[in-house]
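Spelled out from the first residue to the last, the chains are:
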There are 2 protein chains.
Amino acid sequence: MRKIGVKEIEDIAVGAAVYGTGGGGDPYVGKLMAIDAIKTYGEVTLLDVDEVPEDAIVVPSSMMGAPTILIEKIPNGKEALSAFSLLKNYIGKEISATIPIEAGGLNSMIPFAVAATLGIPVVDADGMGRAFPELQMVTFSLGGVKSTPMILCDEKGNATMFNTINNKWTETLARAVTVVSGGSTMLASYAMTGSQVKETSIKGIISTTEKVGRAIRIAKSNNTNPVDAVLKASGGFELFKGKICDILRKTDGGFVRGESKMMGIDEYKGKSIKIEFQNENLMAQTDDGKVLATVPDLIVVLDIETGHAITTETLRYGNRGVVICIPCDEKWRTEAGIKTVGPRYFGYDVNYVPIEQRIKSRMGEF
Amino acid sequence: MRKIGVKEIEDIAVGAAVYGTGGGGDPYVGKLMAIDAIKTYGEVTLLDVDEVPEDAIVVPSSMMGAPTILIEKIPNGKEALSAFSLLKNYIGKEISATIPIEAGGLNSMIPFAVAATLGIPVVDADGMGRAFPELQMVTFSLGGVKSTPMILCDEKGNATMFNTINNKWTETLARAVTVVSGGSTMLASYAMTGSQVKETSIKGIISTTEKVGRAIRIAKSNNTNPVDAVLKASGGFELFKGKICDILRKTDGGFVRGESKMMGIDEYKGKSIKIEFQNENLMAQTDDGKVLATVPDLIVVLDIETGHAITTETLRYGNRGVVICIPCDEKWRTEAGIKTVGPRYFGYDVNYVPIEQRIKSRMGEF
């Protein structure tokens, strides 16, 4: 148990944007919401998973929608609280703590804003250990936790509650409502007990992202290479270094989908790669079709100068970046995990191979 | 107060299909559901509006979706009951009676199926006095009744509850859920008190549709003209007589939209008209653009032989029909009524002129 103040939030936001793996929402908007709440209501208690009582009710607080939209359609700050309050009334039990659903720029921050306002702790864990585009793509689902009853609130004051037969249906129905609500909404979902959190969550992810964010900050103040600092703090691998030379992006059906192409620089000169995404980066491959990395491993484009993650919605022609890959949590490497978020789920005719094996078999070659 | 059995249901279904004004769902499917429930659970009590206690809770039971879809995706019969039961639990009060939301082939029948099963009465009134394509297009809305809390259930077992800032938002959100649920769902909405029913509903519409259905049945058994019988029983006007020579129909965004063209026969030979629809018929005009009738008046195509309504989803090339227009209820002829369901709401640059005036000013000419 420790306190999270403005300084910690700054590091977590930067690190979570890396774990957002191209998606997860804009870290700047999320950070402002969390900092504003902490300045108004005080610091937030961060609980280790082991410190959560078995019978405590823990509810993730999160945003749904395409990150491209959230840059311009900023939450009013009340939707997440309304969703929480409606869910509490419905289940008829006090909510003891909140938890991020994913480690993305925005969805890592919303729980801190909610926690500060309500005076409840945040649990140091999440349901992805990264960001994913769809609601059912959480380790909570793998562990049998139901996403519903789920409350969805928009900034206009509309509230929708779902009770579904499975978590994929929750995604389908809530996405449809989100799209007609203007493209982004706030959710309270996956209400679970402390013991379910212990069984199904990815532990310590907030501290992990904080460590990565801090490494970037320290590298900057020491004038050392921030990308190297990220690789060291995250256990990731460098895949490529280049300039964005082409980008295709389409906001459709509640997602931003597209691909970016990069031309190599330095030791990668003369080579080029393509990264495809649906909110988050899904697959990186060479121009001649050799797969470099796929979901569920984390494919991240870092700004070559600052080490900060470049999200899919802010990628611009000419950005110079280092593409890295961070191994995903072991929960995603099970049969059920790969079925839920592996390359085949996203329509790629490719088997999942852990990034460590891909790197090893490449034997130093590109 | 009187009892509604299978014989009455047959007449109501036929008459309600006329008042469905091209939409309102297939009368056959609805009739089967109601008759099945009455045979199993017994006859249904039909209450006059004046007989409903002021503080009784009355809840409409209805289908949402494109009628084209409902022909093939038949309800399993439990969705409407689930929606009712979830709404009852949410508001924490017993539901004393149900009422049709509209006088369409299907939505006039669902309340009888629900009422028979639950052993509650149906109120002889509705919220349209006809059918309309969108959820907020009810006289309940004009009278300030909220559509939410509303429960939407699909046949798979998913349930969604809405609490919105206005009835148009309920339409938007529920339509989105209905589309991704396969195109049709069942609703419990517009929960209101007996006194609200008295103030805002269109009274006696079930008896009116029964009278029209009975007139068609009697004309058939007497070998007299069934179209004349409909005109007499409904107070409608004949607009045209012809053959369907062209039909455009598209199921899109939860509606069936399109237009049908008819070539005149008998005294209309050499003339032709076009009818545009969104689930229900919206406007009838001559080929050279002269408006014959618009919403909110009821434009209905009757089969020339049987007098039965031909719904927009069953219109076929070669159908011979008589186009009639029945004056709408006075509630729709107010400023608020015309704003909600007049031709301009549907995108036509035309003022609403009551059909009686149009007929009078035409002075016998086409």
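All residue numbers here refer to positions counted from 1 along the written sequence of the relevant chain. Both sets of labels track the order of writing: A upward for chains, 1 upward for ligands. Only residues with pLDDT of at least 70 are given local features in this predicted model, and only at 80 or more are side-chain atom pairs given and counted; all residues enter the totals for whole chains, interfaces and linings. Processing note: side-chain calculations cover all non-hydrogen atoms of the structure and skip hydrogens and water entirely.

1. Observations concerning the overall build of chain A
(1) Moving on: Only DSSP runs of H or I with at least four residues qualify as helices, and only runs of E with at least two residues qualify as strands; both kinds are numbered from the N terminus onward. Per the secondary structure count, chain A includes twelve helices and 18 strands.
(2) Moving on: Each radius of gyration is computed over the set of C-alpha atoms, and the globule rule expresses the reference value as 2.2 Å times the number of residues to the power 0.38. For 366 residues, the compact-globule estimate of 2.2 N^0.38 gives 21 Å, and chain A sits close to it at 19 Å.
(3) Moving on: In terms of principal-axis extent, the alpha carbons of chain A reach across some 60 × 45 × 35 Å.
(4) Moving on: Exposure classes here rest on a 1.4 Å probe applied to the protein chains alone. A residue is buried below 20% of its type maximum, exposed above 50%, and partly exposed in between. Here chain A holds 366 residues, and 61% of them are scored as buried.
(5) Moving on: The criterion used for residue contact is that any of the two residues' heavy atoms lie within 4.5 Å. Within chain A, counting contacts between residues at least 6 apart in sequence, those at least 24 apart form 73% of the total.
(6) Moving on: Accessible surface, chain A: about 13800 Å² in total, of which carbon and sulfur atoms supply 50%.
(7) Moving on: Residues scored as charged are limited to Lys and Arg (positive) and Asp and Glu (negative), so that His and the chain ends carry no count. By convention, charge coordinates are those of NZ in Lys, CZ in Arg, CG in Asp, or CD in Glu. Charged side chains of chain A number 40 positive and 44 negative; the gap between the two group centres comes to 2 Å. With residues, only the protein chains shown are counted as cover, and all accessible areas are computed by Shrake-Rupley using a 1.4 Å probe.

2. Remarks on the domain arrangement of chain A
Residue and element names in this part refer to chain A.
(1) Moving on: Structurally, chain A comprises domain 1 (2-205) and domain 2 (223-362).
(2) Moving on: Computed over C-alpha atoms, the centres of domain 1 and domain 2 are 25 Å apart.
(3) Moving on: Every contact between the two is made by 39 residues of domain 1 and, on the other side, 36 residues of domain 2.
(4) Moving on: Roughly 2800 Å² is buried in total at the junction of domain 1 and domain 2, and carbon and sulfur atoms are behind 67% of that figure.
(5) Moving on: A carboxyl oxygen of Asp or Glu within 4 Å of a side-chain nitrogen of Lys or Arg is what we treat as a salt bridge. On the surface where domain 1 and domain 2 come into contact, there are zero salt bridges.
(6) Moving on: Residues adjacent in sequence count toward polar contacts only when both atoms are side-chain atoms; beyond that, a polar contact is any pair of N or O atoms within 3.5 Å, and within protein one must be able to donate a hydrogen and the other to accept it. At the boundary of domain 1 and domain 2, one finds 13 residue pairs in polar contact (both at pLDDT 80 or more).
(7) Moving on: Secondary-structure elements contributing two or more residues to the side of domain 1 that touches domain 2 are α1 (6-19), α3 (67-70), α6 (139-142), α7 (167-180) and α8 (194-200). A domain assignment, automatic or from a database, supplies the domain bounds used here. Buried area adds together the accessible area that both of two parts lose upon being put together, with accessible area traced by a 1.4 Å probe.

3. Quick look at the interface of chain B and chain A
Where interface size is quoted, it is often the accessible area lost as the parts come together.
(1) Moving on: Facing the 17 residues of chain B at the interface are 17 residues of chain A.
(2) Moving on: Summed over the shared surface of chain B and chain A, the number is zero salt bridges.
(3) Moving on: At the junction of chain B with chain A, the criterion picks out five residue pairs in polar contact (both at pLDDT 80 or more).
(4) Moving on: When residues of the side of chain B that touches chain A are traced back to their parent elements, those giving at least two are β8 (159-163) and α7 (167-180) of chain B.
(5) Moving on: In terms of residue count, α7 of chain B provides more of the side of chain B that touches chain A than any other element does, six residues in total.
(6) Moving on: Residues belonging to the side of chain B that touches chain A are distributed by class as follows: nine nonpolar, seven polar and one charged. Any residue outside Ala, Val, Leu, Ile, Met, Phe, Trp, Tyr, Cys, Pro, Asp, Glu, Lys and Arg is labelled polar, Gly included; the first ten of those are nonpolar and the last four are charged.

4. Quick look at the side chain of Arg 358 of chain B
Residue and element names in this part refer to chain B.
(1) Moving on: Among the structural elements, Arg 358 can be located in helix α12 (residues 355-362).
(2) Moving on: Put simply, Arg 358 is tucked away with no salt bridge, and the nearest opposite charge, on Asp 297, sits 6.3 Å away.
(3) Moving on: With residues up to four places along the chain from it excluded, the contact list for Arg 358 reads Val 291, Leu 292, Ala 293, Thr 294, Val 350, Asn 351 and Val 353.

5. Here's the deal with the UniProt feature "domain: S-Me-THD-like C-terminal" (unreviewed entry) in chain A
(1) Moving on: UniProt positions are given in the numbering used here, feature names are shortened, and annotations may be inferred rather than shown by experiment. Residues given the UniProt feature "domain: S-Me-THD-like C-terminal" (unreviewed entry) here are residues 166-355 of chain A.
(2) Moving on: Here residues 166-355 of chain A is 29% helix and 35% strand, with 31 Å between the C-alpha atoms at its ends.

6. A short note on the sheet that holds strand β13 (residues 255-264) of chain A
Residues and elements named next belong to chain A.
(1) Moving on: Any two strands are treated as partners once DSSP identifies two or more bridges connecting them. Strand order in the open sheet formed by seven strands is β16-β15-β14-β13-β12-β18-β17, with antiparallel pairing between adjacent strands. In this open sheet, the two strands that pair with only one neighbour each are β16 (291-294) and β17 (298-303). This sheet shows a mean twist of 30° between the axes of neighbouring strands, independent of strand direction.
(2) Moving on: Of the strand pairs in this sheet, strand β14 (residues 272-278) and strand β15 (residues 280-286) are connected by six bridges, and their pairing is antiparallel. Bridging from a neighbouring strand, Gln 278 pairs with Glu 280 of β15.
(3) Moving on: Note on geometry: axes are C-alpha line fits, over the in-contact stretch for helices, and angles between N-to-C directions span 0 to 180 degrees. Relative to strand β18 (residues 320-326), helix α10 (residues 226-234) is tilted by about 10°, and along the sheet it contacts β12 (237-252), β17 and β18.

7. Notes on the nonpolar core
(1) Moving on: Val 18, Phe 112 and Val 123 of chain A together with Val 18, Phe 112 and Val 123 of chain B are the most contacted members of the largest nonpolar core, which totals 204 residues.
(2) Moving on: Excluding its chain neighbours within four sequence positions, the residues that come into contact with Val 123 of chain A are Leu 46, Leu 47, Val 49, Val 52, Val 58, Ala 97, Thr 98, Ile 99, Pro 100, Val 197 and Ile 206 of chain A. What we call a nonpolar core is a set of buried Ala, Val, Leu, Ile, Met, Phe, Trp, Tyr and Cys residues that are connected through their side-chain atoms within 4.5 Å.

8. What about the relation of the copies chain B and chain A?
(1) Moving on: The superposition of copies rests on a least-squares fit of C-alpha positions from residues with pLDDT of 70 or more in both. For the pair chain B and chain A, the superposition axis carries a translation of 0.0 Å, the fit reaches an RMSD of 0.0 Å, and the rotation angle comes to 180°. Seen this way, the second copy is the image of the first under a two-fold rotation axis. Minimal C-alpha distance to the rotation axis in chain B is attained by Met 161 of chain B, lying at 2.4 Å.
(2) Moving on: The overlap is high: 100% of the interface residues of chain B also sit at the interface in chain A, so the same surface is used on both sides.

9. With respect to the packing of aromatic side chains
(1) Moving on: Note on aromatic pairs: the rings of Phe, Tyr and Trp (six-membered ring only in Trp) are paired at centre separations within 6.5 Å, and the planes decide the class, stacked below 30 degrees, edge-to-face beyond 60, tilted for the rest. Evaluation of the coordinates by the stated rule reveals eight aromatic pairs over all chains.
(2) Moving on: Aromatic pair Tyr 345 of chain A and Phe 346 of chain A: ring centres 5.3 Å apart, planes at 80°, arrangement edge-to-face.
(3) Moving on: Two limits define a charge over a ring: the Lys NZ or Arg CZ must be within 6 Å of the ring centre, and within 35 degrees of the ring normal. Note that Arg 130 of chain B overlies the ring of Phe 132 of chain B, its terminal NZ or CZ placed 3.9 Å from the centroid.

10. A few points about the pattern of salt bridges
(1) Moving on: As enumerated under the stated definition, the model contains 35 salt bridges over all chains in all.
(2) Moving on: Glu 330 of chain A is paired through a salt bridge with Arg 333 of chain A; the nearest N and O atoms lie 3.6 Å apart.
(3) Moving on: Note that Glu 54 of chain B and Lys 198 of chain B form a salt bridge whose closest N and O atoms lie 3.1 Å from each other. Of this pair, Glu 54 of chain B sits in the loop between β2 (44-47) and β3 (57-65) while Lys 198 of chain B sits in helix α8 (residues 194-200), and the two are 144 residues apart along the sequence.
(4) Moving on: When its relative accessible area of 47% is taken as the criterion, Glu 54 of chain B is described as partly exposed.
(5) Moving on: Through salt bridges with shared partners, one network takes in Asp 297, Glu 330, Arg 333 and Glu 356 of chain A.

11. Side note on helix α5 (residues 110-118) of chain A
Residue and element names in this part refer to chain A.
(1) Moving on: Within α5, seven of the nine residues are buried, which leaves the element mostly enclosed by the surrounding structure.
(2) Moving on: Looking at α5, one finds that the buried residues are Ile 110, Pro 111, Phe 112, Ala 113, Val 114, Ala 115 and Ala 116.
(3) Moving on: Just downstream of α5, Gly 119 is the residue with a positive phi angle, here 70°.

12. Thoughts on the sheet that holds strand β18 (residues 320-326) of chain B
Residue and element names in this part refer to chain B.
(1) Moving on: Pairing in this open sheet of seven strands is antiparallel, and the strands run β16-β15-β14-β13-β12-β18-β17 from one edge to the other. Two strands lie at the open edges of the sheet, namely β16 (291-294) and β17 (298-303), each paired on one side alone. Averaged over all pairs of adjacent strands, the angle between strand axes in this sheet comes to 35°, irrespective of strand direction.
(2) Moving on: Sheet topology note: the strand β12 (residues 237-252)/strand β13 (residues 255-264) ladder contains ten bridges and is antiparallel. What sits directly across from Ile 247, in β13, is Ser 260.

13. Regarding helix α12 (residues 355-362) of chain A
All names here are of chain A.
(1) Moving on: Looking only at α12, the buried set comprises Ile 355, Arg 358 and Arg 362. Viewed along the axis of α12, the buried residues span an arc of 60°, placing them on a single side of the element. Facing away from the buried surface of α12 by more than 90 degrees, the exposed residues are Lys 360 and Ser 361. The arc refers to the directions leading from the helix axis to the C-beta atoms.

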